[in-house]
Amino acid sequence: MNNIAQIIKQVLFDVFAVDHDIHLSRPDEQFGDYATNIALQVAKSLGKNPREVAESLAAKLRETTIFTDVNIAGPGFINLRVSATSLVRELEQQWGDRFGENQSGAGKTVVVEYPSPNMAKPYSVGHLRPGNQGWAVKRLMEATGWKVITDNHLGDYGAPFGVWVTGFLKLSSEAALERDGVYELGRVYIATKQALKEEKERGESVLADEVQQWLIKLENGDEQAKSFSERFNRISLAHIHTVMNRLKISTDYELGEAFFAPYGKAAVQKLLETGVAVQNDDGSIIVPLDDYGFDVPLLVQKSNGAALYATSDLATILYREEHWHPDKVIYCVGAEQQFYFTQLFAMAKKLGITTDLYHLWFGFIDQLNDDGTRAKMSSRKGVILMEELLDKAEQRARSVVAERDVSDEDIKKIALGAIKFSDFSADRRTNILFDWDSIFALTGYSGPYIQYAAVRVNKILGDNIDTEPAETSEYDYEAEKAVLAKLLGYPEVVTLAATSIEPHKVATYLHELAREMNRYYESTPVAMGDVTVTQKWARLGVLKKVSHVFTHGLDLLGIEIPSRM
Ligand code: ARG
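None of these values were measured; they are calculated from a predicted model. (Residues numbered from 1 in each chain as written. Predicted model: local features only at pLDDT ≥ 70, side-chain atom pairs only at ≥ 80, totals over all residues. Heavy atoms only, no water.)

## Some points on the overall build of the protein chain
Piece 1. Assigned secondary structure in the protein chain consists of 22 helices and 13 strands.
Piece 2. Principal-axis analysis of the C-alpha atoms places the extent of the protein chain at approximately 85 × 65 × 45 Å.
Piece 3. For the protein chain, the residues scored as buried account for 51% of the 565 residues in total.
Piece 4. Taking the contacts inside the protein chain whose residues are at least 6 apart along the sequence as the reference set, 71% of them involve residues at least 24 apart.
Piece 5. Per element, the accessible surface of the protein chain, about 26,700 Å² overall, is 50% carbon and sulfur.
Piece 6. Mean positive and mean negative side-chain charge positions of the protein chain (61 and 79 charges, respectively) differ by 1 Å. (Helix = DSSP H or I, 4+ residues; strand = E, 2+ residues; numbered from the N terminus. Buried < 20%, exposed > 50% of the residue type's maximum accessible area, 1.4 Å probe, protein only. Contact = heavy atoms within 4.5 Å. Areas by Shrake-Rupley, 256 points an atom, 1.4 Å probe, with all protein chains shown as cover. Lys, Arg positive; Asp, Glu negative; His and termini not counted. Charge placed at Lys NZ, Arg CZ, Asp CG, Glu CD.)

## Observations concerning the packing of aromatic side chains
Piece 1. Here the structure, examined in full by the defined rule, presents 27 aromatic pairs.
Piece 2. When the ring of Phe260 is compared with that of Tyr319, the centres are 5.4 Å apart and the planes differ by 80°; the resulting orientation is edge-to-face. Taken together, the residues Phe260 in helix 11 (residues 257-260) and Tyr319 in helix 13 (residues 309-324) connect sequence positions 59 residues apart. Each member of the pair, Phe260 together with Tyr319, is buried. (Phe/Tyr/Trp six-rings, centres within 6.5 Å; stacked < 30°, edge-to-face > 60°.)

## A closer look at the site of the ligand
Piece 1. Around the ligand, the neighbouring residues are Glu113, Ser116, Asn118, His127, His153, Tyr309, Asp313, Tyr331, Val333, Gln337 and Phe341.
Piece 2. A distance of 2.6 Å separates a nitrogen atom of the ligand from a polar atom in the side chain of Asp313.
Piece 3. Against a free-state accessible area of 350 Å², the protein chains account for coverage of 90% of the ligand.
Piece 4. For the shell around the ligand, the per-class residue count stands at four nonpolar, five polar and two charged. (Near = heavy atom within 4 Å. Polar contact = N/O pair within 3.5 Å; in protein donor to acceptor, adjacent residues only side chain to side chain. Nonpolar A, V, L, I, M, F, W, Y, C, P; charged D, E, K, R; others polar.)

## A few points about unusual backbone geometry
Piece 1. Between Tyr114 and the following residue, Pro115, the backbone shows a cis peptide bond with an omega angle of -20°.
Piece 2. Within the fold, Pro115 resides in the loop between strand 4 (109-113) and helix 5 (128-143).
Piece 3. In this structure, Ser116 takes a positive phi of about 50° despite not being glycine.
Piece 4. Inspection of the secondary structure puts Ser116 in the loop between strand 4 and helix 5.
Piece 5. Although it is not a glycine, Tyr477 sits at a positive phi angle of roughly 60°.

## What about the environment of Glu403?
Piece 1. Relative to the helices and strands, Glu403 is located in the loop between helix 15 (386-401) and helix 16 (408-423).
Piece 2. Taking the C-alpha atoms as reference, Glu403 lies 51 Å from Thr166; in sequence the two are 237 residues apart.

## Some thoughts on the pairing of strand 10 (residues 356-360)
Piece 1. Note that strand 9 (residues 328-332) and strand 10 share five bridges and pair parallel. Across the sheet, residue Val329 finds its bridge partner in strand 10, namely Leu357.
Piece 2. Crossover strand 9 to strand 10 through helix 14 (residues 338-350) is right-handed. (Pairing = 2+ DSSP bridges. Right-handed = clockwise from strand over helix to strand, strands pointing away.)

## As for the packing of helix 13 against helix 14
To describe two helices that pack against each other, one gives the angle between their axes and the distance between the axes.
Piece 1. Packing of helix 13 against helix 14 leaves a shortest axis separation of 11 Å and a crossing angle of 50°. When the axes of helix 13 and helix 14 are compared, the pair comes out oblique. Handedness of the crossing formed by helix 13 with helix 14: right-handed. Facing helix 13, whose interface residues are Tyr309, Ala310, Asp313, Leu314 and Ile317, helix 14 presents Tyr340, Leu344, Met347 and Ala348. (Axes fitted to C-alpha atoms, helices over the stretch in contact; angles between N-to-C directions. Parallel < 35°, antiparallel > 145°, perpendicular 65-115°, else oblique. Left-handed = near helix turned anticlockwise from the far one by under 90°.)

## Some words on the sheet that holds strand 8 (residues 298-301)
Piece 1. Overall, antiparallel pairing links the three strands, which are arranged 6-7-8 in an open sheet. A strand with exactly one partner marks an edge of an open sheet, and here the two such strands are strand 6 (278-279) and strand 8.
Piece 2. Pairing of strand 7 (residues 285-287) with strand 8 involves three bridges; the strand directions are antiparallel. Each residue of the ladder has a partner; that of Val287, found in strand 8, is Leu298.

## Examining the sheet that holds strand 12 (residues 374-376)
Piece 1. In spatial order, the strands read 12-11-13; together these three strands make up an open sheet with mixed pairing. The open sheet has two edge strands, strand 12 and strand 13 (432-434), and neither has a second partner. Sheet twist, expressed as the mean angle between neighbouring strand axes with direction ignored, is 45°.

## A word on the pattern of salt bridges
Piece 1. Tallied over the entire structure, the rule returns 35 salt bridges.
Piece 2. In this structure, the salt-bridge partner of Glu560 is Lys248, at a minimum N-O distance of 2.8 Å. You can see Glu560 sitting in the segment after helix 22 (533-556) and its partner Lys248 sitting in the loop between helix 10 (223-246) and helix 11, a full 312 residues away along the chain.
Piece 3. A salt bridge links Arg429 to Asp427, with the nearest nitrogen and oxygen atoms 2.9 Å apart. (Salt bridge = Lys/Arg side-chain N within 4 Å of Asp/Glu carboxyl O.)

## Here we look at the nonpolar core
Piece 1. Formed by 142 residues in total, the largest nonpolar core has its most connected members in Leu389 and Phe550.
Piece 2. Setting aside residues no more than four positions away along its own chain, Leu389 makes contact with Val125, Leu128, Met377, Ile384, Ile419, Phe434 and Trp436. (Core = buried A, V, L, I, M, F, W, Y, C linked by side-chain atoms within 4.5 Å.)

## Details of helix 2 (residues 38-46)
Piece 1. Buried residues of helix 2: Ile38, Ala39, Val42 and Ala43, and no others. Summarising the axial view, the buried residues of helix 2 lie within an arc of 125°, below the 170-degree limit, and thus occupy one face. Exposed positions of helix 2 whose direction lies more than 90 degrees from the buried face are Lys44 and Ser45.
Piece 2. In this structure, the buried residues of helix 2 make contact with helix 1 (3-16), strand 1 (34-36), helix 3 (50-63) and strand 3 (77-82). (Arc of directions from axis to C-beta.)

## Some remarks on the side chain of Gln301
Piece 1. Position of Gln301 relative to the elements: it lies in strand 8.
Piece 2. The exposure class assigned to Gln301 is buried, which follows from its relative accessible area of 13%.
Piece 3. Ignoring anything within four residues of it in the chain, the contact list for Gln301 reads Val268, Ser284, Ile285, Ala306 and Leu308.

## A short note on the environment of Val549
Piece 1. Secondary-structure assignment places Val549 in helix 22.
Piece 2. Measuring from C-alpha to C-alpha, the distance between Val549 and Val333 comes to 29 Å, with 216 residues separating the pair along the chain.
Piece 3. Apart from the residues within four sequence positions on either side, Val549 is in contact with Trp95, Phe99, Leu487, Tyr490, Tyr509, Leu510, Leu513 and Leu554.

## Structural notes on the side chain of Lys420
Piece 1. The topology assignment puts Lys420 in helix 16.
Piece 2. Within the local environment of Lys420, its side chain forms a polar contact with the backbone oxygen of Gly558, the two atoms lying 3.0 Å apart.
Piece 3. For Lys420, the residues in contact, after removing those within four places along its chain, are Asn132, Leu247, Lys248, Ile249, Leu557, Gly558 and Ile559.

## Quick word on the environment of Lys349
Piece 1. Here Lys349 is to be found in helix 14.
Piece 2. A C-alpha to C-alpha distance of 35 Å links Lys349 and Lys248, two positions 101 residues apart in sequence.

Structure below.
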């Protein structure tokens with residue numbers, strides 16, 4: 001809550017002895033700078049006439065010096081106008097290097113899990129949203145004072161290894177592996193899976209047996225199997241790191257499924273001992289969840305004793321409880337696994353785990369087909385690989401800046417800015433449309449649009465570092481009023497985005513700030529042309545703050561500002 005809200009809160013308390021937080025909205029400009037419906041809320045709880053409540057509050061608010069106009073609209077909305085100079089004063093009071101941040105999460109620990117790709121195939125766009133949103137969530141939680149532990153829950157265990165070796169020996173070669181690395185492993189994996197499927201349809205199991213044999217060999221510590229496994233995993237993990245580096249994301253830990261495999265048995269044992277799980281006659285072990293509204297139980301051990309995805313997740317939950325004592329765990333994983341996670345979380349509850357487990361899921365990434373219809377993003381070859389997408393984005397970024405002299409470093413920032421921002425273009429649950437033209441549009445709702453606005457601000461600041469400070473108390477800041485009001489709204493946006501775990505709210509805000517800035521430039525000369533020293537200095541002061549908020553806000557989304565574009 002900012003000072004303006006604080007003042008209203010105090011007045012409310014003085015007049016009605018009611019302690020209530022104030023939420024300020026931004027009405028249409030003709031009505032005022034801020035509006036509140038607090039009179040309606042209070043009238044309801046006190047059983048009074050809302051209009052009368054509003055009148056009494058307004059009378060008191062007019063006595064304060066901060067408001068230049070207080071009026072009542074409709075049944076009891078209070079519209080407030082403040083002077084531009086009071087906005088500056090307000091901003092100065094709140095200002096600091098960490099403007100926008102708060103400590104509301106202090107003392108609490110959150111585990112954020114992302115991007116958790118699978119090792120068997122190259123990194124595809126399927127893991128773009130988990131990584132991207134996960135990173136933003138990490139940054140938002142940090143900005144609100146939480147202790148954040150990030151963990152990459154790699155899909156690095158089980159059958160894929162057997163498929164890899166079987167396929168590699170039949171379909172590949174050292175030379176091909178040397179040349180194409182993970183892309184060769186991915187090719188081999190997909191081809192072998194296909195062959196396994198065909199074999200099964202024919203009622204045969206030669207390949208399948210071979211896959212099993214390799215898995216058993218690995219379990220028994222066979223040297224050749226171990227060497228294959230280490231080599232393939234090394235290649236795949238190096239690739240995952242390359243992609244994550246290009247995406248500018250990282251995690252504190254990388255405790256994947258393989259890490260938790262040895263804990264599976266004990267975890268299932270615990271389920272049995274506590275009566276949360278029951279063993280069927282065939283030896284399989286399930287957790288009935290009918291008391292949680294699911295008629296399908298969760299299978300945690302197969303009849304042959306083999307562990308499952310859920311087993312490893314259960315072990316993961318127990319491990320995190322024991323070692324990290326989190327207050328909250330945020331799983332950044334696609335929408336396909338929604339049902340699974342509700343089951344998993346219900347099981348955890350049955351086991352007495354009270355930690356807030358949260359599945360942060362995402363809609364799909366769609367693309368426009370040539371005929372204008374919309375479909376899940378893919379290429380003729382199948383899934384789109386992350387490196388292909390990044391390469392293509394860099395080409396696009398290059399064409400956006402055309403002949404201008406922009407460094408490779410900056411090109412990469414623009415490419416990433418476009419891709420990442422498009423991910424935040426709507427509520428995360430909706431499918432997003434990935435359209436190359438609009439994600440790079442310098443005039444629309446895009447990352448580069450905001451980056452460009454920020455570059456412009458920074459350019460003016462850079463060109464004027466030598467400007468002599470002038471006395472700014474003479475200046476009225478009327479021309480900057482809208483920008484100032486926008487800046488003042490930033491801390492609340494960060495709070496809201498963090499508490500609702502919706503990073504796209506920061507994106508929406510930044511776009512509005514960029515628009516406000518562009519409007520401002522059109523009407524106001526900042527440092528060139530017809531400006532006095534006082535005006536120039538005061539205006540540069542506001543721009544400095546705008547620059548700070550652009551940098552801070554984009555950083556929350558994992559987007560950097562190029563030095564030129
Ligand atoms: N590797 C999985 C996948 O790509 C995601 C893992 C999600 N995290 C978890 N704890 N199950 O589908």
